[in-house]
Structures are given as C-alpha cells and as structure tokens.
Amino acid sequence: MTHTPAREALVELSDVSKNYGHVRALEGVSLEVHAGEITCVLGDNGAGKSTLIKIIAGLHQHDGGTLALDGEETRLSSPREALDRGIATVYQDLAVVPLMPVWRNFFLGSEPRKGVAPFKRMDVGHMRRTTHAELLRMGIDLRDVDQPIGTLSGGERQCVAIARAVYFGAKVLVLDEPTAALGVKQSGVVLKYVAAARDQGLGVVLITHNPHHAYMVGDRFVLLKRGTMVGNHEREDITLDELTTQMAGGTELDDLRHELQRPS
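Cut-offs and rules
- Residues numbered from 1 in each chain as written.
- Predicted model: local features only at pLDDT ≥ 70, side-chain atom pairs only at ≥ 80, totals over all residues.
- Heavy atoms only, no water.
- Helix = DSSP H or I, 4+ residues; strand = E, 2+ residues; numbered from the N terminus.
- Expected span 1.5 Å × (residues − 1).
- Buried < 20%, exposed > 50% of the residue type's maximum accessible area, 1.4 Å probe, protein only.
- Contact = heavy atoms within 4.5 Å.
- 1 Å grid on protein atoms, 1.4 Å probe; cavity = no way out; pocket = protein on both sides within 12 Å on 5 of 7 lines; lining within 4 Å.
- Points joined across faces, edges and corners; volume = space filled by probe spheres on them.
- Nonpolar A, V, L, I, M, F, W, Y, C, P; charged D, E, K, R; others polar.
- Phe/Tyr/Trp six-rings, centres within 6.5 Å; stacked < 30°, edge-to-face > 60°.
- Axes fitted to C-alpha atoms, helices over the stretch in contact; angles between N-to-C directions.
- Parallel < 35°, antiparallel > 145°, perpendicular 65-115°, else oblique.

Draft legend 1. Structural detail: helix H6 (residues 184-199). The first and last C-alpha atoms of H6 sit 23 Å apart over 16 residues, in line with the 22 Å expected at 1.5 Å per residue. For H6, every residue scored as buried is listed here: Ser187, Val190, Leu191, Tyr193, Val194, Ala195, Ala196 and Ala197. Those residues of H6 that are buried are in contact with strand S3 (38-42), helix H5 (154-167), strand S9 (172-176), strand S10 (203-208) and helix H7 (211-217). With its phi angle positive at about 100 degrees, glycine 201 sits one or two positions after the end of H6.

Draft legend 2. Broad picture of the layout of surface pockets. In this model, the largest pocket occupies a volume close to 800 Å³. Lining the largest pocket are 30 residues, and of these Leu83, Ala88, Thr89, Val90 and Arg164 sit closest to its centre. Of all the elements in the fold, those that place two or more residues in the lining of the largest pocket are helix H2 (79-84), strand S6 (87-90), helix H3 (102-106) and H5.

Draft legend 3. Spatial organisation of empty space enclosed by the protein. Counted according to the given criterion, the structure contains one cavity of 30 Å³ or more. Each residue belonging to the lining of the largest cavity can be placed in one class, and the counts come to five nonpolar, no polar and three charged.

Draft legend 4. Structural context of the packing of aromatic side chains. Here the structure, examined in full by the defined rule, presents seven aromatic pairs. Between phenylalanine 107 and phenylalanine 168, the aromatic rings sit 5.8 Å apart at their centres with planes inclined by 80 degrees, giving edge-to-face as the arrangement. One end of the pair, phenylalanine 107, is in the loop between H3 and strand S7 (113-114); the other, phenylalanine 168, is in the loop between H5 and S9, with 61 residues separating them in the sequence. Given a relative accessible area of 2%, phenylalanine 107 falls into the buried group. Through a chain of ring-to-ring contacts, the aromatic side chains of Phe106, Phe107, Tyr167 and Phe168 assemble into a single cluster.

Draft legend 5. Quick look at unusual backbone geometry. One non-glycine residue, aspartate 15, adopts positive backbone phi at about 55 degrees. Looking at where aspartate 15 falls in the secondary structure, it is placed in strand S1 (residues 11-20). Backbone geometry at glutamate 177 places phi at a positive 45 degrees, although glycine is not the residue there. With respect to the helices and strands, glutamate 177 occurs in the loop between S9 and H6.

Draft legend 6. Inspection of the side chain of histidine 62 at higher detail. Within the secondary structure layout, histidine 62 lies in the loop between helix H1 (49-56) and strand S4 (64-69). Excluding residues within four positions of it along the chain, histidine 62 makes contact with Val16, Ser17, Lys18, Ile55, Leu67, Thr74 and Arg75.

Draft legend 7. Spotlight on the packing of helix H4 (residues 124-137) against H5. Their axes nearest at 9 Å, the elements H4 and H5 cross at an angle of 105 degrees. By the criterion of interaxial angle, the relationship of H4 to H5 is roughly perpendicular. On H5, the residues touching His126, Thr130, Glu134, Leu135 and Arg137 of H4 are Val160, Ala163, Val166 and Tyr167. Residue classes in the contact of H4 with H5 are distributed as five nonpolar, two polar and two charged.

Here you go:
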C-alpha cells in the first residue's frame, strides 16, 4: 500500500506567539496555507487577527514558535522581504491614490518604462493594456481603466488589488477583512475574485469575522479568541452551524440568551 506524501505548505506557522511588552497578543497559534486553497482566520476585534497578519506580512517578528515558507524555517525582517518571497498583503484600508486612474494604481511603485536614459518615460500604453487584460483574466470587465480608482465601489477596488497581486507573482495572498465594509452584493463580488485567486493556484489567507463568508470559500478555518487559538478545522470536519457557534462563543451565547429572555 502506497501513501501519497503530504503537500508542503507555502506558509506554516507552528505554535507562534507574539508579545508587545507585557501584553501577549498571540499565544500558541498554528496554521497552514497551501497552494490552491483558502485558509480562513476568524475572530472578533481583539482576537489577534491583525497581529497574525503583521507576522505573515513581515511587519512584526514572532517571539515564539516557528514560521516556515516552503518548508524552510525563517524570520521575515520586512514587508519587502515578504513580498520578495511571494507574500502579498491587501489591507482593509487599501493603499490606493483615489484620484489616480485604475491603471496607475495597478502599477503604483512598479511602473514599467521605455526609451533610453535620460529620456526614459513610463510606458503608459503597456500599463493600460496590461491592467485591462489582467482584470479581464480575473473576470473583472472594467470598461475604462482611465477612470479614477476612487470612483470604483469598495468591492471593485478590492478586486483590483487582488488582480494586481496575482499579476506581480504572489504565491500567497493575505486579505485583511476584504468584505467588512461591504453590502451583501459587493461582498459576493469580492468572494468570487478571492476564489478566482485560489483557482489561479495561489494560497489565500482570508481574515474575517464573518463565518458565512468564510464558509462559502474556505478550505481550512482557524478561530482566534483573545490571542489564543480556539479552533483549527478542515472544511470536511465542521459545518457552518458549528463554525458559527464556535465563532459566537458557544456556551457564552447560550448564557446571554438566557439572560435576555423575558421573565415569565
């Protein structure tokens, strides 16, 4: 009988902890991110989600446990190093320049140039064509890439950021609450493109406080509460109801329900 070897994780955190002075922001958190899969990290405000993002994105270093990329234990010293290692992070407050056109934001900081020094100039035609083609490849049919990105909806801006990360060669895409400020329809649009990134072969980390959104696309679920891991499940091992109950605090929710009942 032959055994199929386990696939190596693109990113693996094992028993990771992080302190800020005397405050323990994370303790004993583990997760895996695999190519072509979505790992969802769920938790309310103060659960430790932001700290986890900062460790994966290279903004902060962990104090305990291990971080491995492609099976190699490492410590990321900066966001630039994380990006160079293929980890792209899209934050909730997107780093865009609202009055600049979509194509300019797509290439912001990585503008291709043409011509010979000292007369090199930005290759605007290439940037326009590439932006339109890459958005279309992700299923985003934007009629006019010359429109200011600030005129797009929140969901559309998130989708542009996702397409940009895919184009610039990310292997791992970390998304910080991409649906938090969106309505139902726009959230659905964003989740569609999150799934498209997964289908392009990226490993995705989806940070959210919404178990319904997580369960629509997730393959793995890590639940955080006050900096500790209270759940780590694969999709086939948990139902949406169970995930929602764990996210809501389970017994705490039952206690609250009893407290709120009308006196008989």
